[in-house]
Amino acid sequence: MYGPSIRRRARGGRDIGYNDQAIALIVMLLRQVHQLEHKPPVTLGLMVLMCGIHFQKNETPERFVPYYLCPDQVIRKSDYMRIVISGLIHVDEWHLYHNMISFLWKGYNLESKLGSVRFLFTISYLLVLCHTLVVIVSLVLATRFQIPGPLYQCSVGFSGVLFALKVLLNHNSPTFSSIYGFQVPTKYAAWLELVAIHFLVPRTSFMGHMCGVLAGYMFVYSPSIQTTMNTGSRWIRRWLETLMKPIANRRNIDPQTASYHASRTSTRTSTTSIETDEELARRLQEEEYQAARIPREQHEADQLTRSELRRRRIARFSSGQRSINRS
């Protein structure tokens, strides 16, 4: 998450070099998507949504300022839309690109395991929980510890959810990972990355990232939350199946249409079966004819042979009689 800042703009409202940079980053992102073995629909849909919001923000930035996550505005004005929409807004193209690359990998792994419906529930829950924790922690720091700064700091971005997803992916991992040159257990990598990013990129919201990590652990170690997610995803899946069932079986709704299609199907089936039977009968008759033809030809050959033998015997007997008479 970033704290928004005013950027230098060219005439006409467009950032200098915006087109070339945005196109180059989109091409790089599309290459990553193309290399995936399967395309996770919810992940790609959310990526398209955030990219569309960002491009619209570059055209009309003033329209998105009321949706930045400002804890004091959420508390005083009960402006709860900031909790959700602020996570879909990004400061610049590089902020968007790095978040989308990270989300693409995490979504590719998690959506295939959880299923698209449950994954969408998980993303929604983590987004709301992460930003709600930002508001609560900021209020506690301002009222209990006299640290009012976070209460009046505005931020945007999807990074808090990404930290939560990192916890979901790695909380049981037995391996080690290299984070900025340090070898740490993978299940604790989110904490080291939280500190490293805070010092390497000062503009990032440490509060938002930390609340993302906390939201991830709250999700992992709360069986009731996971049970609710499973129940909700099953209910949505059944609702979608019920919604799509009439569309899939629309031919059976109209009796006349159903009878017409049934008659056409039966006609095609009967015609096909008759043709098949005729072809089969013709083939069997030909085979029977071929089978009967061979013995008949052999019998005719035998008959000719016997006749020939008889003729030869008669001819030999006649020639013998003539020779006797001559002698």
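Looking at an unreviewed UniProt entry, the protein chain carries the name Peptidase S54 rhomboid domain-containing protein, with the source organism given as Peronospora belbahrii. UniProt's Subcellular location (unreviewed entry) comment on the protein chain is quoted here verbatim: "Membrane".

A. Representation of the layout of surface pockets within the structure. Approximately 460 Å³ is the volume found for the largest pocket. If you trace the largest pocket, you find 21 residues lining it, with His98, Asn99, Ser102, Glu193 and Ile197 closest to the centre. Residue assignment for the lining of the largest pocket shows that the elements contributing at least two residues are α5 (93-114), α7 (159-170) and α8 (189-200). Along the lines of polarity and charge, the residues of the lining of the largest pocket split into ten nonpolar, seven polar and four charged.

B. Just the UniProt feature "transmembrane region" (unreviewed entry) in the protein chain, in detail. Listed under "transmembrane region" (unreviewed entry) in the UniProt record, and renumbered for this structure, are residues 119-143 and 149-169. Span residues 119-143 is 100% helix and 0% strand, its end C-alpha atoms 36 Å apart. Taken as a whole, residues 149-169 contains 52% helix and 0% strand, while its terminal C-alpha atoms sit 32 Å from one another.

C. Empty space enclosed by the protein, seen in detail. Tallied over the full model, the rule gives two cavities of 30 Å³ or more. Lining the largest cavity are Ala22, Leu25, Ile26, Leu29, Cys51, Phe55, Glu93, Leu96, Tyr97 and Met100. When residues of the lining of the largest cavity are traced back to their parent elements, those giving at least two are α1 (18-34), α2 (41-59) and α5. When the residues that make up the lining of the largest cavity are grouped by side-chain class, the tally is nine nonpolar, no polar and one charged. Lining the second largest cavity are Leu69, Pro71, Val134, Ser138, Pro150, Gln153, Ser155, Ser205 and Met207.

D. Local environment of the confidence of the model for the protein chain. In this model, the protein chain carries a mean pLDDT of 78, and residues with pLDDT of at least 70 account for 70%. Looking over the protein chain, one finds the lowest element-wise mean pLDDT in helix α11 (residues 255-326), namely 47, and the highest in helix α4 (residues 81-85), namely 96.

E. Layout of the packing of helix α6 (residues 116-144) against helix α9 (residues 206-220). It is at 8 Å that the axes of α6 and α9 come closest, and there the two elements cross at 125°. With respect to their mutual orientation, α6 and α9 come out oblique. As for how α6 packs across α9, the hand of that crossing is right-handed. Along the contact surface, α6 presents Thr122, Tyr125, Leu126, Leu129, Cys130, Leu133, Val134, Val137, Ser138 and Leu141, while α9 presents Met207, Gly208, Cys211, Gly212, Leu214, Ala215, Gly216, Met218 and Phe219. Class assignment for the residues of the contact of α6 with α9 results in 14 nonpolar, five polar and no charged.

F. Fine view of unusual backbone geometry. Unlike most non-glycine residues, serine 78 shows phi in positive territory, near 50°. Looking at the secondary structure, you find serine 78 in the loop between α3 (71-77) and α4. Residue class for serine 78 comes out partly exposed when judged on its relative accessible area of 41%. Look at glutamine 146: it is not a glycine, yet its phi comes out positive at around 55°. Mapped onto the secondary structure, glutamine 146 falls in the loop between α6 and α7. With a relative accessible area of 61%, glutamine 146 lands in the exposed category.

G. Layout of the state of the cysteines. On inspection of all chains with the given rule, the structure shows one disulfide. Put simply, cysteine 70 and cysteine 154 are joined by a disulfide, and their sulfur atoms are 1.8 Å apart. On the sign convention where negative means left-handed, the S-S torsion of about 115° between cysteine 70 and cysteine 154 marks this disulfide as right-handed. Here the residue cysteine 70 occupies a position in the loop between α2 and α3, and cysteine 154 occupies one in the loop between α6 and α7, the gap between them amounting to 84 residues. Under the relative-accessibility criterion, cysteine 154 is labelled partly exposed at 26%.

H. Focus on the pairing of strand β2 (residues 182-185). Both strand β1 (residues 176-179) and β2 contribute to a ladder of four bridges, which runs antiparallel. Opposite phenylalanine 176, over in β2, you have proline 185 as the bridge partner. Here β1 folds back onto β2 in antiparallel fashion, the turn holding two residues, of which tyrosine 180 has a positive phi close to 55°.

I. View of the pattern of salt bridges. Summed over the entire model, instances satisfying the criterion amount to three salt bridges. In this structure, aspartate 72 engages arginine 76 in a salt bridge whose closest nitrogen and oxygen atoms are separated by 3.7 Å. Of the two residues, aspartate 72 and arginine 76 both sit in helix α3, four residues apart, roughly one turn of that helix. Among the residues examined, aspartate 72 registers a relative accessible area of 10% and is labelled buried. A salt bridge links aspartate 79 to arginine 82, with the shortest nitrogen-to-oxygen separation between them at 2.9 Å.

Calculation notes
Residue numbers here run from 1 along each chain, matching the order of that chain's written sequence. pLDDT decides what is reported in this predicted model: residues at 70 or higher carry local features, side-chain atom pairs at 80 or more are listed and counted, and totals for whole chains, interfaces and linings draw on all residues regardless. In computing side-chain properties, one takes all heavy atoms of the structure into account and sets aside hydrogens as well as water. UniProt positions are given in the numbering used here, feature names are shortened, and annotations may be inferred rather than shown by experiment. Cavities and pockets are defined on a 1 Å grid built over the protein atoms alone: a cavity is a set of grid points where a 1.4 Å probe fits but cannot escape, while a pocket is an open set with protein on both sides within 12 Å along at least five of seven lines, and lining residues are those with an atom within 4 Å of any such point. Grid points are joined across faces, edges and corners, and a volume is the space filled by probe spheres set on the points. In this text, helices come from DSSP runs of H or I with a minimum length of four residues, and strands from runs of E with a minimum of two, each type numbered from the N-terminal end. Gly counts as polar in this scheme, as do all residues outside two lists: the nonpolar Ala, Val, Leu, Ile, Met, Phe, Trp, Tyr, Cys and Pro, and the charged Asp, Glu, Lys and Arg. Scored from 0 to 100, pLDDT records how confident the predictor is in each individual residue. Throughout, an axis means a line fitted to C-alpha atoms (over the contacting stretch in the case of helices), and angles, computed between N-to-C directions, take values from 0 to 180 degrees. In this scheme, roughly parallel covers angles under 35 degrees and roughly antiparallel covers those over 145, while 65 to 115 is roughly perpendicular and the rest are oblique. Definitions for this section: a left-handed crossing has its near helix turned counterclockwise from the far helix by less than a right angle. A right-handed crossing has that turn clockwise. The contact criterion used is simple: two residues touch if any of their non-hydrogen atoms lie within 4.5 Å. Burial here depends on accessible area, computed with a 1.4 Å probe over protein chains only, as a share of the maximum for the residue type. Under 20% is buried, over 50% is exposed, and the range in between is partly exposed. In what follows, a disulfide is any cysteine sulfur pair within 2.5 Å. Note: two strands are recorded as paired if DSSP finds a minimum of 2 bridges between them. One side-chain nitrogen of Lys or Arg within 4 Å of one carboxyl oxygen of Asp or Glu is enough to make a salt bridge.

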